[in-house]
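# What the coordinates show
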Amino acid sequence: MASVDMTALSARSAAWVARVAWIVVAVFGGAALQGAVDGRSDAVRWTAAIGGWAPWGAVMLALAIPSVRSLTVARVFAPLVLPVTIGAVVGGAEAIEVAALAIPASIALFAMFTADVGRQFVQASSYGDEERLPLRFPVAAGTAAIVTWATWAPIIVFGPLLLAAKSYVFGGLLSAIGVAGLVLLTPRWHRFSRRWLVLVPAGLVVHDPVVLADTLMVRSDQLGGMRLAPADTEAADLTGPASGYALEVQALETVTTVFAFTPQDPGGKAIHMTGFLISPSRPGEALATAAARGIRLL
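As the structure is a computational prediction, the values presented were derived from the model and not from experiment.

Right, let's talk about the nonpolar core for a bit. L197, L204, V206, L216, M226, M273 and F276 are the most contacted members of the largest nonpolar core, which has 36 residues in total. When residues in this core are grouped by element, the largest group, five residues, is from helix α7 (residues 139-164). Apart from residues lying up to four places away in sequence, F276 is in contact with L204, V206, L216, V218, A235, A236, L238, L247, E248 and V249.

Pairing within the open sheet is antiparallel, and its four strands lie in the order β1-β2-β3-β4. Each end of this open sheet is capped by a strand with a single partner; those strands are β1 (131-134) and β4 (216-219). Each strand axis lies, on average, 15° off the axis of its neighbour in the sheet, ignoring direction.

The subject of this paragraph is empty space enclosed by the protein. Applying the stated rule across the entire model yields one cavity of 30 Å³ or more. Taken as a whole, the largest cavity encloses approximately 40 Å³ of empty space. Together, A115, R119, L133, P134, P280, S281, R282 and E285 line the largest cavity. If you list the elements that add at least two residues to the lining of the largest cavity, you get α6 (115-124) and β1. Of the residues belonging to the lining of the largest cavity, the class tally is four nonpolar, one polar and three charged.

Another point: the pattern of salt bridges. Within this structure, the stated rule accounts for nine salt bridges. For R45, the salt bridge identified is with D42, shortest N-O distance 2.2 Å. With R45 and D42 both in helix α2 (residues 42-64) and three residues apart, this pair spans about one turn of that helix. You can call R45 partly exposed: its relative accessible area is 35%.

Right, let's talk about the packing of aromatic side chains for a bit. Within this structure, the stated rule accounts for three aromatic pairs. Ring geometry for W53 and W56: centres 5.5 Å apart, planes at 80°, overall edge-to-face. Residue W53 and its partner W56 are located together in helix α2, separated by three residues, close to a single helical turn. On the basis of relative accessibility, which here comes to 53%, the residue W53 falls in the exposed class. The residue whose ring lies beneath R19 is W16, and the NZ or CZ to ring-centre distance is 4.7 Å. Over the aromatic face of W196 sits the side chain of R132, whose NZ or CZ is 4.0 Å from the ring centroid.

Reading guide: rules and limits
- Residues numbered from 1 in each chain as written.
- Predicted model: local features only at pLDDT ≥ 70, side-chain atom pairs only at ≥ 80, totals over all residues.
- Heavy atoms only, no water.
- Core = buried A, V, L, I, M, F, W, Y, C linked by side-chain atoms within 4.5 Å.
- Buried < 20%, exposed > 50% of the residue type's maximum accessible area, 1.4 Å probe, protein only.
- Helix = DSSP H or I, 4+ residues; strand = E, 2+ residues; numbered from the N terminus.
- Contact = heavy atoms within 4.5 Å.
- Pairing = 2+ DSSP bridges.
- Axes fitted to C-alpha atoms, helices over the stretch in contact; angles between N-to-C directions.
- 1 Å grid on protein atoms, 1.4 Å probe; cavity = no way out; pocket = protein on both sides within 12 Å on 5 of 7 lines; lining within 4 Å.
- Points joined across faces, edges and corners; volume = space filled by probe spheres on them.
- Nonpolar A, V, L, I, M, F, W, Y, C, P; charged D, E, K, R; others polar.
- Salt bridge = Lys/Arg side-chain N within 4 Å of Asp/Glu carboxyl O.
- Phe/Tyr/Trp six-rings, centres within 6.5 Å; stacked < 30°, edge-to-face > 60°.
- Lys NZ or Arg CZ within 6 Å of the ring centre and 35° of its normal.

Printed below as a string of structure tokens:
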């Protein structure tokens, strides 16, 4: 129980590091944005100001009110500071101004993407007597999400600025693409915040809209136990696959799940199994929490 308490303390500390660093971004980092647009038209300066403060405020609000949705907001919009920093350099901001933006922003981003912050925000949206433990990103799906974000981010940042600078055709096209990407891609990115192992009094649940078509429930009377997966395990891989250590859940009877729909399997692929692998962000915490809830460790 002590290890779980220490993990909770670590999660709270990481969240506060993110909040404080994000405040510092506004206090000291705004000079870089001002330096980059100094001498530009009023339209460009106003667009830069609104475009800077709106995402900053959205992330600050998300950090102040932990939830699953807040986690997505923070992790989607906070990294926009990266193309903004590049734009500040290109726009002619002084090195010290860029550093005052980049350093606290880097600290805030590092804290926001830790497993500790993910755990606290996911647990904040839990219902009743349940423990939600985030799962690590599947390598292929996670890489695709990063690539799409990296493509979308500069478009949504620089499109409105080009439009304000009277580059109506190119700026308007980029702005339209950026808004369309925000509408279409955000629900896909949000699925990564909704991937959990959930421990409940009735057993355990794997809630993973990226890998599975439906939630997998294993009742307490079906649970044989849980362990760190050995290299030669024959359990079904429900991790995505994800990198790093996986946990193996063994069942006393066959359970069924369906993999998420794909172009190759538009109806999903059902599998029947007596053991499966999952990939909590903190495997040790997951095992300790499971043991505290009476699940046998193998």
